Amino acid sequence: MISQNELYRRFISVSNKVKLLSSLRKSIALPVDYNITESQWSAIESPLFAIEAKLRTCLKKEGREHLRLIHQAEAKRALTLLLGKMELELSKAFIYFDTFVDLLSQRHLPEVGLLLGGCDALAWDALKKDHPALSIIEKPLVSFNRGFGASILREGVPLPDGTPNPLATIQIPYTKIKDKYNLTSVVHESGHSAMVQLGLVNVLPKAIGDALTHAGAPEVIGKLFALWTMEIGPDFWGFCNCGAAQASSAMEILSLPPSHVFKVSATDPHPPPFLRVLLAFEWCRHQWGTGDWDEWEKQWLTTYPLEAASARDRKVLAAGRRYVSTVSRALFNTKFSALDKRTIPSLFDLNRSDPARLERLVRDAESSGILNLSELSPCGQLALFRTLRNKSTLSEQSLDRLMTAWLIRLARGSKFKEHYT
């Protein structure tokens, strides 16, 4: 049987491991400039503090009795089993611990920490709307990840250890560090949280399905669009935040090989890019009438003529295209009980992302040398940068410098007018 001394040493070792659970902030040691907010830290640390308190209490309460009688074989056995149980619980807790070590340690990289802090501010702005259900969520945490697309693990969804995720964690491809004008993907991922928090995930498919049925759409089209609302909803949230910038970025990001653009799936919640981009153009047209999106649509249809799709997919895509305006009207006009009989756009001020207004700001910048962002929210500022890319002769390098400075100042909570040249 294990000796008293060895068992006591093991007890001390487990006790020290328990104390580590409250050391996440100290272990990562983010510099002040790169640090996350106190609210974010509180959300992340709270589960660790709770687990540590539980385990410390157990060690003191049960361990004290076993240690007092450690000279007895039964007490040795009981303490051995207790420590084994503790090791398993610690192993589970450290999965949670390590998850946030991985996410937060990226912020030690030169400049990246501030850029991610700016992305946090962008994601938070995308969620801060006039609805009580959106007032109780935590500020999201953005990090980089491998792969092509962005993703989100929503607040409350179980992490690998089973602990509810304390705040939304959004992951974006590292390449976004070089095409910051496409950070509408961060806004889209925030939209996933909003759809769930507002209770729209289950009612939006029905609203669109009912509109399509009323319009005489084939049953298969109704079922597909109902499935696709899982992504169309967050896309529309992105549009309401960023206006035409969402459509312009969607067209660029989804300009993929035809095998991807035309692919129709009855199980994938992502709409075929062919229809997804056309929807974004239709939203612009619905809100602002004619505009650049009309020319974008011509370019899109020239690049991806339906004749290039397989016969099976072409039939579905052609039918789906006929009902793009029906789906758009449902998104703009449906009043949801979950929103107290309000529409989704009523949560936003779409005039702030009016393309004509943003174009005036670009022209003012070209004449004055100063890009005035002071009257725009972070999402509106992103829309302005996208307009700047589309409408000005500014080089990619100069635009990247501007947007780097912008994200850094977002991370620091600064408001500013930025030098254009």
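Residues numbered from 1 in each chain as written. Predicted model: local features only at pLDDT ≥ 70, side-chain atom pairs only at ≥ 80, totals over all residues. Heavy atoms only, no water.

Draft legend 1. Summary view of the overall build of the protein. Scanning the protein for helices and strands turns up 17 helices and five strands. Viewed in the frame of its principal axes, the protein has a C-alpha envelope of about 85 × 55 × 40 Å. Within the span of the protein, comprising 421 residues, buried residues form 52% of the whole. Long-range pairs, those at least 24 residues apart, make up 73% of the contacts in the protein between residues at least 6 apart in sequence. (Helix = DSSP H or I, 4+ residues; strand = E, 2+ residues; numbered from the N terminus. Buried < 20%, exposed > 50% of the residue type's maximum accessible area, 1.4 Å probe, protein only. Contact = heavy atoms within 4.5 Å.)

Draft legend 2. Inspection of the layout of surface pockets at higher detail. In this structure, the largest pocket encloses a volume near 710 Å³. Mapped onto the lining of the largest pocket, the elements with two or more residues apiece are α6 (184-197), α8 (219-242), α9 (244-253) and α11 (273-288). In terms of residue count, α6 provides more of the lining of the largest pocket than any other element does, five residues in total. (1 Å grid on protein atoms, 1.4 Å probe; cavity = no way out; pocket = protein on both sides within 12 Å on 5 of 7 lines; lining within 4 Å. Points joined across faces, edges and corners; volume = space filled by probe spheres on them.)

Draft legend 3. Layout of empty space enclosed by the protein. For the coordinates displayed, the defined rule picks out three cavities of 30 Å³ or more. In this structure, the largest cavity is lined by 15 residues; those nearest its centre are Ala244, Trp296, Pro355, Thr387 and Asn390. Secondary structure elements with two or more residues in the lining of the largest cavity: α9, α12 (292-303), α15 (355-368) and α16 (378-391). Top contributing element to the lining of the largest cavity by residue count: α16, with five residues. In terms of residue class, the lining of the largest cavity is built from eight nonpolar, three polar and four charged. (Nonpolar A, V, L, I, M, F, W, Y, C, P; charged D, E, K, R; others polar.)

Draft legend 4. Focus on the pattern of salt bridges. The tally for this structure, following the rule as stated, stands at 23 salt bridges. Between aspartate 235 and arginine 276 there is a salt bridge, and its shortest N-O distance comes to 2.7 Å. You can see aspartate 235 sitting in helix α8 and its partner arginine 276 sitting in helix α11, a full 41 residues away along the chain. Taking relative accessible area as the criterion, aspartate 235 reaches 7% and is therefore assigned buried. When its relative accessible area of 13% is taken as the criterion, arginine 276 is described as buried. A salt bridge links arginine 312 to aspartate 313; the shortest N-O distance between them is 2.9 Å. Note on aspartate 313: relative accessible area 8%, which makes it buried. One salt-bridge network, held together by shared partners, links Glu252, Arg386, Arg389 and Glu396. (Salt bridge = Lys/Arg side-chain N within 4 Å of Asp/Glu carboxyl O.)

Draft legend 5. Region of the structure containing the side chain of serine 249. By the secondary structure assignment, serine 249 is in helix α9. Dropping the residues within four chain positions of it, serine 249 is found in contact with Tyr181, Asn182, Thr184 and Arg386.

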